[in-house]
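A structural walkthrough
Below, each chain spelled out in residue letters.
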Amino acid sequence: MAQYFKKYQNNVRDSKMFGKWYGRAVTLRTVEVEELAAQMQDNCTVKRADILAVLSELGPTMKQLMQNSLAVRIPYLGVFKILMATKPAEEKEKFDATYVKNLKVNFRPEAHKLEQSGKRVKDLVAGCKVTDIENYIKTANNDGNGENNG
């Protein structure tokens, strides 16, 4: 398996990079919780029904905790917390909740330091292979088993 990319050209005329080619990650499809639970069941001793029960409670529980100013760390995945954007106030005393423009969820992936280089690598992408979606499409057209959502 690999993370596929699709080539695209910068067509923004005002850009210094006009005409240059880039890659964009391709998502073949979305895995729903049922399939996730089935695959997790294959990797451990917990049954699919138990995994579904836990995953069903994960979102609401994380919401409750994060909305109480707590960060939630899930091992091998990362840390989730709420960030906010605010408007400035002229004086500290005038700043209140009405100055909050929006809230968003921040996700900081789990990472580890490589011994040789000291560089931090995010665990979710460590060792990921990348390949052109064209390779996937050619394979799919030859064997009829692939999906073409690129």
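Below, the structure is looked at part by part. By convention here, each chain's residues receive numbers from 1 onward along its written sequence. Owing to the predicted nature of the model, reporting of local features is limited to residues with pLDDT of at least 70; listing and counting of side-chain atom pairs is limited to 80 or more, with chain, interface and lining totals taken over all residues. Note: side-chain values were computed over all heavy atoms of the structure, leaving out hydrogens and water.

1. Focus on the sheet that holds strand β1 (residues 3-9)
Only when DSSP finds a minimum of two bridges between them are two strands counted as paired. Secondary structure elements follow DSSP: runs of H or I of four or more residues count as helices, runs of E of two or more count as strands, with numbering from the N terminus. Ordered in space as β2-β1-β8, the 3 strands form an open sheet in which the pairing is mixed. At either margin of the open sheet sits one strand with a lone partner, and together these are β2 (21-25) and β8 (130-132). If you compare each strand with its neighbour and ignore which way they point, the axes differ by 45° on average. By the bridge criterion, 5 bridges tie β1 to β2 in an arrangement that is antiparallel. Its bridge partner being in β2, Phe5 is matched across the sheet by Ala25. Interaxial angles span 0 to 180 degrees and are taken between N-to-C directions of axes, which are lines fitted to C-alpha atoms, for helices over the stretch in contact.

2. Brief notes about the nonpolar core
Only buried Ala, Val, Leu, Ile, Met, Phe, Trp, Tyr and Cys residues count toward a nonpolar core, and they belong to the same one when joined by side-chain atoms within 4.5 Å. The buried label goes to any residue with under 20% of its type's maximum accessible area, the exposed label to any with over 50%, and the partly exposed label to all in between, with areas taken from a 1.4 Å probe on protein chains only. Core analysis: the biggest nonpolar cluster contains 6 residues, these being Tyr4, Val26, Leu28, Ile133, Tyr136 and Ile137. If one sorts the elements of this core by residue count, helix α3 (residues 133-143) sits on top with 3 residues. The contact criterion used throughout is that any non-hydrogen atoms of two residues lie within 4.5 Å. Once you skip the residues sitting within four places of it in the chain, Ile133 turns out to touch Tyr4, Phe5, Lys6, Val26 and Leu28. Counting 5 residues, the second-largest nonpolar core is a separate cluster that includes Met62, Met66, Ile74 and Phe80.

3. Overview of the pattern of salt bridges
We define a salt bridge as a side-chain nitrogen of Lys or Arg found within 4 Å of a carboxyl oxygen belonging to Asp or Glu. Across all of its chains, the model carries 4 salt bridges by this definition. Of the charged contacts in the structure, one is a salt bridge between Lys7 and Asp132, with a shortest N-O distance of 3.0 Å. Of this pair, Lys7 sits in strand β1 while Asp132 sits in strand β8, placing them 125 residues apart in sequence. Accessibility expressed as a relative area gives 10% for Asp132, which makes it buried. Arg73 is paired through a salt bridge with Glu110; the nearest N and O atoms lie 2.6 Å apart. Of this pair, Arg73 sits in strand β3 (residues 72-74) while Glu110 sits in the loop between β5 (100-109) and β6 (111-113), and the two are 37 residues apart along the sequence.

4. Focus: helix α2 (residues 48-66)
Taking 1.5 Å of rise per residue, the 19 residues of α2 would be expected to cover 27 Å, and the 27 Å separating its terminal C-alpha atoms lies within 8% of that figure. If you follow the buried residues of α2, they end up packed against α1 (33-43), β3, β4 (78-86) and β5. For a helix, the expected span equals 1.5 Å multiplied by the number of residues minus one.

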